[in-house]
Amino acid sequence: MKILITGSNSYIGESLKEYLSQWSNYYFVDTVSMLDDNWKKKNFEKYDVVFHVAAIVHKKEKPGMKDIYFKVNKELAVLVAEKAKAQGVGQFIFMSTMSVYGKKSKIGKKVIIDENSVCEPNTLYGKSKLEAESELNKLNDKKFKVVILRPPIVYGPNCLGNYGRLKKFVLKMRIFPLVNNERSMVFIDNLSEFIRQIIQEKISGLFFPQNKEYVNTVQMVRLIAKEHSKRVILSKSLALMVKIFSNLDIITKVFGNLVYNLKMSDYNDFSYCISDFEKSIQLTEEKSLKRSES
């Protein structure tokens, strides 16, 4: 099985490549950079699957950035898919996002996305990804299977984003707000196994991979602290401060509630979730330490 990952140095792409190396005699994984037009010269004919991860993410959006978001997240994705289809690739997997729904997490109130939720993106990132989905689905047919993935927050060893910031806080501070919440998240190995299963079954469709249990930020803090032999005091007083400043984005991102209905993610009876939440934090911290030492 030959797989081409379009987008070099992507966290998800590189993680998938590493994960599939367990079966190096079966999966051949190649990557190509999308930073210039040299990818257009590459022959896609030998590949069974193209996994497109190239995108603009983790940027502070400004109105003047609309063109670059749509050029990279939408137009580039469609061009790659058209080339893949023309050269006989059987399956195209596109990394989309939960952001296409435009839902914001809330403190003390459940925000649930289910099969009836309408996509109303409120960011350039979400809007460009949703438009890309629409164009890509037009290419889907019996010979060219289009897969759209809308994962929630992805975490794992040396990942970018909220997990890394939360970990730094845990290692520096000894006190944390006691605020119970629920977030949909997916451990990188669980996501990689999900992708592997989708590739094996050669199917198309829209999917919402996530851990089979919701994540509580306090529980995550406890587990990270445990892996580093730290003791964290959970404070009800600080929890009151969180409620007072619950309108701030940084607060809602950490302590807010935002989940997919678990039924949406029950693919193959969650067989892709090879690590439960506690094990995933253990593996994340162990692998992060090994990589920092190497």
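Definitions and limits used
Counting restarts for each chain, with residues numbered from 1 along the sequence as it is written. Only residues with pLDDT of 70 or above have their local features reported here, since the model is predicted, and side-chain atom pairs are shown and tallied only from 80 upward, although totals for entire chains, interfaces and linings are computed over all residues. Based on all heavy atoms of the structure, the side-chain values leave hydrogens and waters out of the count. Note on method: axes are straight lines fitted to C-alpha atoms, helices fitted across the in-contact stretch only, with angles between N-to-C directions ranging 0 to 180 degrees. Segments assigned H or I by DSSP are reported as helices when at least four residues long, segments assigned E as strands when at least two residues long, and all are numbered from the N terminus. An angle counts as roughly parallel when it lies under 35 degrees, as roughly antiparallel when it exceeds 145, as roughly perpendicular when it falls between 65 and 115, and as oblique in every other case. Should the near helix be turned anticlockwise from the far one by less than a right angle, the crossing is left-handed, and should it be turned clockwise, the crossing is right-handed. Contact criterion: two residues are considered in contact whenever any of their non-hydrogen atoms come within 4.5 Å of each other. Residue type decides the class: Asp, Glu, Lys and Arg count as charged, Ala, Val, Leu, Ile, Met, Phe, Trp, Tyr, Cys and Pro as nonpolar, and the leftover types, Gly among them, as polar. Each pair of strands is called paired provided DSSP finds at least two bridges between the two strands. Cysteine sulfur atoms are paired as a disulfide whenever they come within 2.5 Å of each other.

1. Brief notes about the packing of helix 2 (residues 66–86) against helix 3 (residues 124–137)
Then step 1. Taken N-terminus to C-terminus, the directions of helix 2 and helix 3 make an angle of 25°; their axes are 9 Å apart at the nearest point. When the axis of helix 2 is compared with that of helix 3, the two are roughly parallel. The way helix 2 lies across helix 3 gives a crossing that is right-handed. Touching K66, Y69, F70, N73, K74, A77, V78 and A81 of helix 2 are L124, Y125, K127, S128, K129, E131, A132, E135 and L136, all from helix 3.
Then step 2. Class assignment for the residues of the contact of helix 2 with helix 3 results in nine nonpolar, two polar and six charged.

2. Structural notes on the sheet that holds strand 3 (residues 49–52)
Then step 1. The sheet built from six strands is open, its strands ordered 2-1-3-4-6-10 with parallel pairing. Strands at the two margins of the open sheet, each flanked by one partner only, are strand 2 (28–32) and strand 10 (205–207). Neighbour-to-neighbour, the strand axes of the sheet open up by a mean angle of 20°, direction not taken into account.
Then step 2. Where strand 3 and strand 4 (residues 91–95) come together, four bridges link them in parallel fashion. When the sheet's bridge partners are listed, V49 is paired in strand 4 with Q91.
Then step 3. Seen against the sheet, helix 5 (residues 188–201) touches strand 1 (2–6), strand 3, strand 4, strand 6 (145–149) and strand 10 and runs at an angle of roughly 155° to strand 4.

3. Details of the state of the cysteines
Then step 1. Enumeration according to the criterion identifies zero disulfides in this entry.
Then step 2. Left unpaired, C159 is separated from the closest cysteine sulfur, that of C273, by 17 Å.

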